[in-house]
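Fold and contact review
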Amino acid sequence: MNKPFDKPIYITRPWLPPLEEFKSGLAEIWDRGVLTNNGPVVQAFRAELAQYCETQNLSLFSNGTLALQIALQGLGITGDVITTPYTFVATVHSLFWNKVRPVFVDIEPEHYTLDPDQVEEAITPWTSAILAVHVYGHPCRLDALERIARRHNLKLLYDAAHAFGVRVDGRSIAQFGDVSMFSFHATKLFHSAEGGMLTFGDPTLRRRFDYLKNFGFENETEVVMPGTNAKMNELQALMGRLVLRRLPEIIQKRREIAETYRRELARIPGIKPAALPAAGVDYNHAYFPVEVDPAQFGATRDQLYDRLKDWNVFARRYFYPLVTDFACYRGIVRQGELPVARAVASRILTLPIFSDLALDDVVRICGIIRHVHEHARAGAAAHGPREMESAAA
Ligand code: T4K
């Protein structure tokens, strides 16, 4: 306990396939000389994802942010969109890039997703869509949001950047709402180094999304809409195909890590993991967030975050500050003071979780958290590994 980890423990590390497997895929790409523009590896990846997500309605992108921007553009979203302040900033930037105004409403305290009751209250004649986030991979209240969207004739988009691999009542999470966006960034449990995907209910959207990510080209001489460049390339797809094959193992390893955290943290006052997944949800264990209650724990979230660094553990405060507190979004419309989101953002700490993290190391991280709690209660100002070593000398 009195020695920091030899190597930094980050919030995440990408799962990487055996280098030989990647090299052999690279050799084929080299032989073909096709690197991008809907090459065969992207097409094969697409087919495998269609099978995994149980839908043919999908389109691949160079990253999740551009995918979401194109989803909004392709659906013709204008005016106001109701969304959450408790997300990665790219969710809201995508609205901005479409000249759409975000209207922020509060979240629910259990899984930190949009509160459907507040969504309904915030609807005005200018509202054109709801953009909800399956934050940390926990599904939003799908039925409630669906009902509201239908009742008010609104489009329902999900930022499912964290939710790849999640299933709800036996269905892939990719099958809900009008459009869902998935991020395949290296920090995600499923990744293609960088990458993104849209899944959607209306099959005619596929052509539109495919035009929009490829400059709007119909053929060599015809451009049918002002598209951009957001295509996935062959190297990304190769990585994605190799990771997809191992996804069940990756999720299982993360499940064991989450269980170890829950067991070890249960005995530490003031550390509250997010609620267990709702009934019927097959969760992907994308993140392991805890709330720190300073009164019970004896130290604030930020103190714990800093103290963990002394032991070479790099937790993250996803998602603090709230998007509404970034300079570029201050003063934008919000529904009330967002008390739940504000409280959660001030207490949240996401702990390291990735498939190569040893369970012994998870136990050790929890031991450090317990140590910080015990010494905070004892009123000790500084009890990091250095102080402990010099006290022992
Ligand atoms: N919507 C939501 C709800 C999102 O969370 C995100 C992205 C998006 C939309 C947009 O999707 P993309 O356009 O990114 O596909 C990271 C990721 O960059 C970002 O993808 C992610 N959400 C966000 C939650 O986290 P940072 O700035 O915190 O990442 P960074 O570089 O500090 O990495 C965190 C740790 O991961 C590092 O300390 C070490 C480790 N790491 C990172 C990378 C990139 C590695 O071990 N290897 C790596 O290659 O944003």
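The model shown is predicted, which means the values in this text are computed figures rather than measured ones.

1. Things to note about the overall build of the chain
Per the secondary structure count, the chain includes 14 helices and 17 strands. Computed over C-alpha atoms, the radius of gyration of the chain comes to 22 Å, within 12% of the 21 Å expected from 2.2 N^0.38 for 393 residues, which places it in the range of a compact globule. The dimensions of the chain, computed from C-alpha atoms along their principal axes, are 75 × 55 × 40 Å. For the chain, with 393 residues in total, the buried portion stands at 53%. For the chain, contacts bridging at least 24 residues in sequence account for 71% of all contacts bridging at least 6. In the structure as shown, the chain presents an accessible area of about 17,400 Å², 52% of it carried by carbon and sulfur atoms. On the chain, the mean spot of the 44 positive side-chain charges and the mean spot of the 45 negative ones are 2 Å from each other.

2. Focus on the sheet that holds strand S5 (residues 127-133)
Hydrogen bonds between backbone atoms are what pair the strands of a sheet, whose relative direction is either parallel or antiparallel. With mixed pairing, seven strands are arranged side by side in an open sheet as S2-S10-S9-S6-S5-S3-S4. Where the open sheet ends on each side, the last strands, each with one partner, are strand S2 (58-61) and strand S4 (101-104). Strand-to-strand, the axes of this sheet are offset by a mean angle of 20°, without reference to chain direction. Each of S2, S5, strand S6 (155-159), strand S9 (179-183) and strand S10 (196-200) touches helix H3 (residues 64-75); the most contacted strand, S9, lies at about 165° to it.

3. Things to note about the pairing of S4
With four bridges joining them, strand S3 (residues 80-83) and S4 adopt parallel strand pairing. Bridge assignment links Ile82 to a residue of S4, and that residue is Val103. In this region the chain leaves S3, passes through helix H4 (residues 90-97) and returns to the parallel neighbour S4; the handedness of that crossover is right-handed.

4. Here we look at unusual backbone geometry
Most peptide bonds adopt trans geometry, and most residues besides glycine take a negative phi value. Along the chain, Tyr318 connects to Phe319 via a cis peptide bond; the corresponding omega equals 10°. By the secondary structure assignment, Phe319 is in the loop between strand S16 (313-314) and helix H12 (339-347). Look at the link from Tyr320 to Pro321: it is a cis peptide, with omega at -5°. Residue Asp169 is not a glycine yet carries a positive backbone phi of 50°. By secondary structure assignment, the location of Asp169 is in the loop between strand S7 (167-168) and strand S8 (171-172).

5. Quick notes on the packing of aromatic side chains
In the structure shown here, the tally under the stated rule is 19 aromatic pairs. A ring pair is formed by Phe164 and Phe182, whose centres lie 6.0 Å apart and whose planes are at 90°; its orientation type is edge-to-face. With a gap of 18 residues between them, Phe164 in the loop between S6 and S7 and Phe182 in strand S9 connect regions that are remote in the sequence. The exposure class assigned to Phe164 is buried, which follows from its relative accessible area of 2%. Taking 6.1 Å as the distance between ring centres and 75° as the angle between the ring planes, the aromatic pair formed by Phe215 and Phe217 counts as edge-to-face. By relative accessible area, Phe215 is classed as partly exposed at 36%. Taking relative accessible area as the criterion, Phe217 reaches 38% and is therefore assigned partly exposed.

6. Some remarks on the site of the ligand
Arg13, Thr65, Asp159, His162 and Tyr318 are the nearest of the 25 residues found near the ligand. For the ligand, a nitrogen atom lies 2.6 Å from a polar atom in the side chain of Asp159. At a separation of 2.5 Å, an oxygen atom of the ligand approaches a polar side-chain atom of Tyr318. For the ligand, whose accessible area on its own is 920 Å², the fraction buried by protein is 76%. Here the shell around the ligand is composed, by residue class, of ten nonpolar, eleven polar and four charged.

7. Observations concerning the sheet that holds strand S13 (residues 271-273)
In spatial order, the strands read S13-S15-S17; together these three strands make up an open sheet with antiparallel pairing. Single-partner strands in this sheet number two, and they are S13 and strand S17 (348-351). Taken pair by pair, the neighbouring strands of this sheet meet at an average axis angle of 35°, ignoring direction. Where strand S15 (residues 288-292) lies against S17, four bridges are found, and the strand directions are antiparallel. Of the residues in S17, the one forming a bridge with Phe288 is Leu351. Contacts from helix H9 (residues 247-265) reach S13, S15 and S17 within the one sheet, and its direction differs from that of S15 by about 20°.

8. Topic: the pattern of salt bridges
If you walk through the whole model with that rule in mind, you get 20 salt bridges. The partner of Glu291 in a salt bridge is Lys272, with the nearest N and O atoms 3.9 Å apart. Taken as a pair, Glu291 in strand S15 and Lys272 in strand S13 lie far apart in primary sequence, 19 residues in all. With relative accessibility at 48%, the residue Lys272 sits in the partly exposed group. The partner of Arg317 in a salt bridge is Asp302, and the shortest N-O contact between them spans 3.2 Å.

9. Digging into the pairing of S15
Within S15, five of the five residues are buried, which leaves the element mostly enclosed by the surrounding structure. What you see with S15 is no split at all: Phe288, Val290 and Val292 on one side and Pro289 and Glu291 on the other are buried throughout. As defined by bridge partners, S13 adjoins S15 across three bridges and the pair is classed as antiparallel. Paired with Lys272 across the strands is Glu291, a residue of S15.

Quick notes on the rules
Residues numbered from 1 in each chain as written. Predicted model: local features only at pLDDT ≥ 70, side-chain atom pairs only at ≥ 80, totals over all residues. Heavy atoms only, no water. Helix = DSSP H or I, 4+ residues; strand = E, 2+ residues; numbered from the N terminus. Rg over C-alpha atoms; globule rule 2.2 N^0.38 Å. Buried < 20%, exposed > 50% of the residue type's maximum accessible area, 1.4 Å probe, protein only. Contact = heavy atoms within 4.5 Å. Areas by Shrake-Rupley, 256 points an atom, 1.4 Å probe, with all protein chains shown as cover. Lys, Arg positive; Asp, Glu negative; His and termini not counted. Charge placed at Lys NZ, Arg CZ, Asp CG, Glu CD. Pairing = 2+ DSSP bridges. Axes fitted to C-alpha atoms, helices over the stretch in contact; angles between N-to-C directions. Right-handed = clockwise from strand over helix to strand, strands pointing away. Phe/Tyr/Trp six-rings, centres within 6.5 Å; stacked < 30°, edge-to-face > 60°. Near = heavy atom within 4 Å. Polar contact = N/O pair within 3.5 Å; in protein donor to acceptor, adjacent residues only side chain to side chain. Nonpolar A, V, L, I, M, F, W, Y, C, P; charged D, E, K, R; others polar. Salt bridge = Lys/Arg side-chain N within 4 Å of Asp/Glu carboxyl O.

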